[in-house]
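Per-entry structural report
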Amino acid sequence: MFTRLFVEIGAAGEAKAREALLKLGDAAVRQAQINASSGSHPRGTPTPARPGSGPAIVSGTLRRSIARTTPVRTAGGWELKVGTKPGQVPPYGRTPSSRYGLYLETGLRNGATYPFLGPAVRFVRTTVLPQVFQAVFRPGWPRL
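Description of the structure in this document. As the structure is a computational prediction, the values presented were derived from the model and not from experiment.

Attention now goes to the overall build of the protein. Scanning the protein for helices and strands turns up four helices and four strands. Over its C-alpha atoms the protein spans a radius of gyration of 19 Å, topping by over 25% the 15 Å that the globule rule assigns to 144 residues. Referenced to the eigenvectors of the C-alpha coordinate spread, the extents of the protein come out at roughly 70 × 25 × 20 Å. Looking at the protein residue by residue over its 144 residues, the buried ones come to 32%. In the protein, of all internal contacts separated by at least 6 residues, the share reaching a separation of at least 24 is 56%. Carbon and sulfur atoms make up 57% of the accessible area of the protein, which totals about 9200 Å². For the protein, the centre of its 20 positive side-chain charges and the centre of its 6 negative side-chain charges are spaced 11 Å apart.

What follows is about helix α3 (residues 97–106). By the burial criterion, the buried members of α3 are Ser-97, Tyr-100, Gly-101 and Leu-104. Mapping the buried residues of α3 onto a view down its axis gives an arc of 110°, with all of them on the same face. Elements that come into contact with the buried residues of α3 comprise α2 (61–65) and β4 (82–84). In the segment just after α3, Gly-107 is the residue with positive phi, at about 135°.

Below, the discussion takes up the nonpolar core. Among the nonpolar cores identified, the biggest contains 14 residues, and Ala-32, Ala-36, Leu-62, Ile-66, Leu-104, Tyr-114 and Phe-116 are the most heavily contacted of them. Setting aside residues no more than four positions away along its own chain, Ala-32 makes contact with Ile-66, Phe-116, Leu-117 and Ala-120. Ala-20, Ala-27, Val-124 and Val-132 belong to the second-largest nonpolar core, a separate cluster that totals eight residues.

Our next topic: the pattern of salt bridges. Here the idea is simple: oppositely charged side chains can pair when their charged atoms come close. Following the criterion strictly, the structure yields three salt bridges and no others. When the shortest N-O distance is used, the salt bridge between Glu-8 and Arg-4 registers 2.6 Å. Here the residue Glu-8 and the residue Arg-4 both occupy positions in helix α1 (residues 2–35), the gap between them amounting to four residues, near one helical turn. Judged by relative accessible area, which is 40%, Glu-8 ranks as partly exposed.

Moving on, we come to the side chain of Asn-35. On the secondary structure map, Asn-35 appears in helix α1. Discounting chain neighbours no more than four positions away, the residues touching Asn-35 are Gly-54, Pro-55, Phe-116, Pro-119 and Ala-120.

Each value, and the rule that gives it
- Residues numbered from 1 in each chain as written.
- Predicted model: local features only at pLDDT ≥ 70, side-chain atom pairs only at ≥ 80, totals over all residues.
- Heavy atoms only, no water.
- Helix = DSSP H or I, 4+ residues; strand = E, 2+ residues; numbered from the N terminus.
- Rg over C-alpha atoms; globule rule 2.2 N^0.38 Å.
- Buried < 20%, exposed > 50% of the residue type's maximum accessible area, 1.4 Å probe, protein only.
- Contact = heavy atoms within 4.5 Å.
- Areas by Shrake-Rupley, 256 points an atom, 1.4 Å probe, with all protein chains shown as cover.
- Lys, Arg positive; Asp, Glu negative; His and termini not counted.
- Charge placed at Lys NZ, Arg CZ, Asp CG, Glu CD.
- Arc of directions from axis to C-beta.
- Core = buried A, V, L, I, M, F, W, Y, C linked by side-chain atoms within 4.5 Å.
- Salt bridge = Lys/Arg side-chain N within 4 Å of Asp/Glu carboxyl O.

Next comes the structure, spelled out in structure tokens:
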């Protein structure tokens, strides 16, 4: 009886962990897209975004390229990645959004940063994660 109960609890935990990770990944994508939208301006004009805040929209390619992968079961647990999709190029240039997103996140030549992913992950970790885990793991969990 205990073996069957523990197998059921383990299977329920696996399914709920994947569900929670999907919700957290979607929340990180949404927040990163919000962070990558600090105003807008035409190409070649000064940005309204301030260093330390997220970048402003020029073509929208960076914002559209932010996505998550499908959760994958690994030896250490479940894994999901959030970031910019490769190969997304704005209509006016040759630099893919994954490359200029990295420059914005980590620093341009002048040292200014316009982070959008890091703050999104911190927001999800501190604000969304407790709510998601409460919502996913609390209801319907097998009771002994």
